[in-house]
Structures are given as structure tokens and as C-alpha cells.
Amino acid sequence: MEEYWTPERCDLLHKSGCTAISVGFESGNQRILNLINKGTKVDRLQETIQMFSEAGIGVQIMGFTGFPTETVDDALSSVDFLQHNSRHWTFGGLGQFVLTKGAIIAKEPERFGILDIRPFEGEDIAWRLYYSEQKHLLANSSRCGSKELTQAKASLRANQFDRPWVGGVDTAHSMFYHDRFGNNILKVISGANHTAANESTILELNGHLIEEHYYLPVHKLFNKKNLDNILDTSEREGKAVTAQNITELLQQWEPDYSSYPQPKEQQLFVRRDGTLFPFPVPMIEFLRNFEHGLSLTELLQQSTQHEFHTQLWQHCITNRFLRLKRSPAAEA
């Protein structure tokens, strides 16, 4: 994100075949940019991604919070930057700062207010380093997090498609989709069914049903929230999360089989991207109506639960359980 880039050069890059780029803006706070010696200004970051976007090149933009001495307000500046410029980037967001052995921060810790630098306990390869912050910096440190910062980061645009399905410019799918749909890619893909579908539109399953299966709800132990809590705890304590840790947790877990659903009470729907959804019987029966294609109008003609089925229909479109019915030729 250098001064080298001009509208003319971005346009030339696009004409040469460039469909998308990935850049590290790091932070939307000028103090943090100066501290990491980024060599640029916040307004220049904005101008650069805008030039690429207006030239038709998709921009994946990446930054982080939790840098030593960064306050919550500093971190919120990065969130504000991404929100203000949301029309100019396709993928990206804010990760968490990770200290590595070769970084200047590890070599000059006193300059950045950190101490107690060491490898994480239990990691066989020290790809990251644990550190503590000086006490007077802890009160408002973005590394410790805050409810406001967590919610602000969560409010940033989320990609609905897991890798490798349009997950970032390092995946071939993402480059192909950028070439097809341009830098408005997520809006086009995620909104395709939702905007095009009306009550008379013929929709079909965007996946398939696996019947006569009932499941063991292991996800209740290791859903995303629980896993995040485990990782956060390990981060604070400077300990690695290993396969052995997970195995021990599973061995300690004694499920109450009496609380399990009876056979066939819950079955599986597999969306076309491979995601499994264990659904209760009413949801499975609703989805089964669309196995060969059906419109909401046709469904409501044979239903006595108009409001409920209309809400389910909208929910299924939003979550891509249903899609526009395609002809055999289109499938081929």
C-alpha cells in the first residue's frame, strides 16, 4: 500500500488480468502504524484500496488488534476504518496480534512495554511467543479485550462461505469468483437467492437429506464458543492446546444418554458446501417439500401453517438451504 500506486497503474494491473489482491493495512490507528514502522498514513491506506476497488480489482484487507500498548480505543479505530471503507474491500477483517521470534518487538521488548517473553508451554514448534504487558498498560489493553471491542469486530462483514469456497484470494475459487462477479462478489453470491426469490419462484434443496440418522451431540462440547474459550484460556496462561488436551477433555465428558433424542427425531441435512445440519423432524419435513422443486405459493396451497412456513422459507433462503431450481443443462 505504497505511494507507487495510482489510478492509472491500478487500471493497467486490472487490464493485465489481475482480479484480486491481498494487502495488510495492519491498523486504522496512526499511532500504531507509526509504532510498527508501517511507513504510511491512514488516509493513504484509504486512497489505495479505493483506487484498486474502482479499477475493478477485489481487495482482501487484513489487520490485527492486540498489538503491545494498543488501547481499546486504538483498536476501535481499525474497526471504524474497515466499516467506513466497507465498499472497497471484499474479504478481510481483524485478527489478533501474534508475537514471533524474529520480530523487532521480541528483540526490543522494553520499547513496546512487554516482558516475560517465552515459548508457549507444551508447543513442540515455537511458532509464536508468549509475553506479558507491563501492569500500567493492562487496564485498557486491547489484548485483554472488551465487550465493546468484541462486538465491534463481530459486526464487521462476515464471509458466509468456508474455505476453500470464496474464502480468500489464496484459494483458486476466490480468484475465479472475482473474475466472474467482480469486486462485488459477496453481495452477488450471498444475495442471489434472497433477492431473486419471490413466492412464485421455484426453489429446490441446496444439498441433500440423510435420513434414518440420529446424532451424538459432540458439538455441544466443542462448538465454536467453547473452543474459543479454551483457546483464550491457553493464551492467557501461555500454554499450548494440543491433541492430548482435547483427548483428555473428551475422556472426562460423560454424556447423559437419557437426554438424547430418540431415533429419527433428528436427521441430517448436508448443504452443498459440505456443512452438516442436524435438524428436528419438522424442519426435515419442510425441506423435503423442495426435493424436486416447489414455490412458496404451491406449498401454502397445501398448508394450514401459512405464517410459520413463510418464515421457514425465508430462513432457508437466508441460510442457503434452498436455491433457485436449475435445469439439467445448467447442472451439467
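Residues numbered from 1 in each chain as written. Predicted model: local features only at pLDDT ≥ 70, side-chain atom pairs only at ≥ 80, totals over all residues. Heavy atoms only, no water.

## Regarding the overall build of the protein chain
- A tally of helices and strands in the protein chain yields 15 helices and 10 strands.
- Burial status across the protein chain gives 39% buried among its 332 residues.
- Relative to all contacts within the protein chain whose residues are 6 or more apart in sequence, the contacts with residues 24 or more apart total 70%. (Helix = DSSP H or I, 4+ residues; strand = E, 2+ residues; numbered from the N terminus. Buried < 20%, exposed > 50% of the residue type's maximum accessible area, 1.4 Å probe, protein only. Contact = heavy atoms within 4.5 Å.)

## With respect to the pattern of salt bridges
- By the definition in use, this model includes 9 salt bridges.
- A salt bridge links K15 to D11; the shortest N-O distance between them is 3.2 Å. Separated by 4 residues within a single helix, K15 and D11 lie in helix α1 (residues 7-15), roughly one turn from each other.
- On the accessibility criterion, K15 (65% relative accessible area) is exposed.
- Since its relative accessible area comes to 29%, D11 is described here as partly exposed.
- A salt bridge links K38 to E26; its shortest N-O distance comes to 3.2 Å. One end of the pair, K38, is in the loop between α2 (30-35) and α3 (42-54); the other, E26, is in strand β1 (residues 20-26), and 12 residues separate them in sequence.
- Under the relative-accessibility criterion, K38 is labelled partly exposed at 31%.
- When salt bridges with common partners are traced through the structure, they connect E123, R128 and E235 into a single cluster. (Salt bridge = Lys/Arg side-chain N within 4 Å of Asp/Glu carboxyl O.)

## Some details on the confidence of the model for the protein chain
- Looking at the protein chain as a whole, the pLDDT averages 84, with 84% of positions reaching at least 70.
- At the low end of the mean pLDDT range in the protein chain sits helix α15 (residues 328-331), at 54; at the high end sits α1, at 96. (pLDDT = per-residue confidence, 0-100.)

## Re the nonpolar core
- Residues I21, F25, V59, I61, F81 and L82 are the most contacted members of the largest nonpolar core, which totals 27 residues.
- Listed by contribution, the elements that provide at least two residues to this core are β1, α3, β2 (58-65), α4 (72-84) and α7 (147-154).
- Per element, the largest residue contribution to this core is 6 residues, and it comes from α4.
- In this structure, V59 is in contact with I21, V23, I49, F52, S53, H88, W89, T90 and F91, ignoring residues within four places of it in sequence. (Core = buried A, V, L, I, M, F, W, Y, C linked by side-chain atoms within 4.5 Å.)

## Quick word on unusual backbone geometry
- The phi dihedral of E26 falls on the positive side, at around 70 degrees, and the residue is not glycine.
- Given the relative accessible area of 19%, E26 is considered buried.
- The phi dihedral of R320 falls on the positive side, at around 60 degrees, and the residue is not glycine.
- Relative to the assigned elements, R320 resides in the loop between α14 (306-318) and β10 (322-324).

## Some details on the sheet that holds β2
- Taking strand neighbours across the sheet as the criterion, the 3 strands line up as β1-β2-β3 in an open arrangement whose pairing is parallel. With partners counted over all chains shown, the strands left at the sheet margins are β1 and β3 (91-96), one partner each. Looking at each pair of strands side by side, their axes are set apart by 20 degrees on average, direction ignored.
- In terms of strand pairing, β2 meets β3 through 6 bridges, oriented parallel. Directly across from M62, in β3, lies its bridge partner G93.
- Relative to the sheet, α3 contacts β1 and β2, its axis offset from that of β2 by approximately 155 degrees. (Pairing = 2+ DSSP bridges. Axes fitted to C-alpha atoms, helices over the stretch in contact; angles between N-to-C directions.)

## A few points about the packing of aromatic side chains
- Throughout the structure, instances matching the rule amount to 16 aromatic pairs.
- Ring plane angle 80 degrees and centroid distance 5.1 Å describe the contact between Y4 and W5, whose orientation is recorded as edge-to-face.
- Overall, W5 belongs to the partly exposed group, its relative accessible area being 22%.
- Between F277 and F279, the aromatic rings sit 5.8 Å apart at their centres with planes inclined by 15 degrees, giving stacked as the arrangement.
- Residue class for F279 comes out buried when judged on its relative accessible area of 11%.
- Following the ring pairs from residue to residue traces out a cluster consisting of F64, F67, F97, F112 and Y131.
- Note that R128 overlies the ring of F120, its terminal NZ or CZ placed 3.7 Å from the centroid.
- Geometry around Y131 places R143 over its ring, the cationic atom sitting 3.9 Å from the centre. (Phe/Tyr/Trp six-rings, centres within 6.5 Å; stacked < 30°, edge-to-face > 60°. Lys NZ or Arg CZ within 6 Å of the ring centre and 35° of its normal.)

## Digging into the packing of α4 against α7
- Between α4 and α7, the least distance of the axes is 10 Å, while the angle of their chain directions is 15 degrees. Looking at the two axes, α4 sits roughly parallel to α7. The crossing of α4 and α7 is left-handed. Contacts between α4 and α7 involve V72, A75, L76, V79 and Q83 from the first element and E148, L149, A152 and K153 from the second. (Parallel < 35°, antiparallel > 145°, perpendicular 65-115°, else oblique. Left-handed = near helix turned anticlockwise from the far one by under 90°.)

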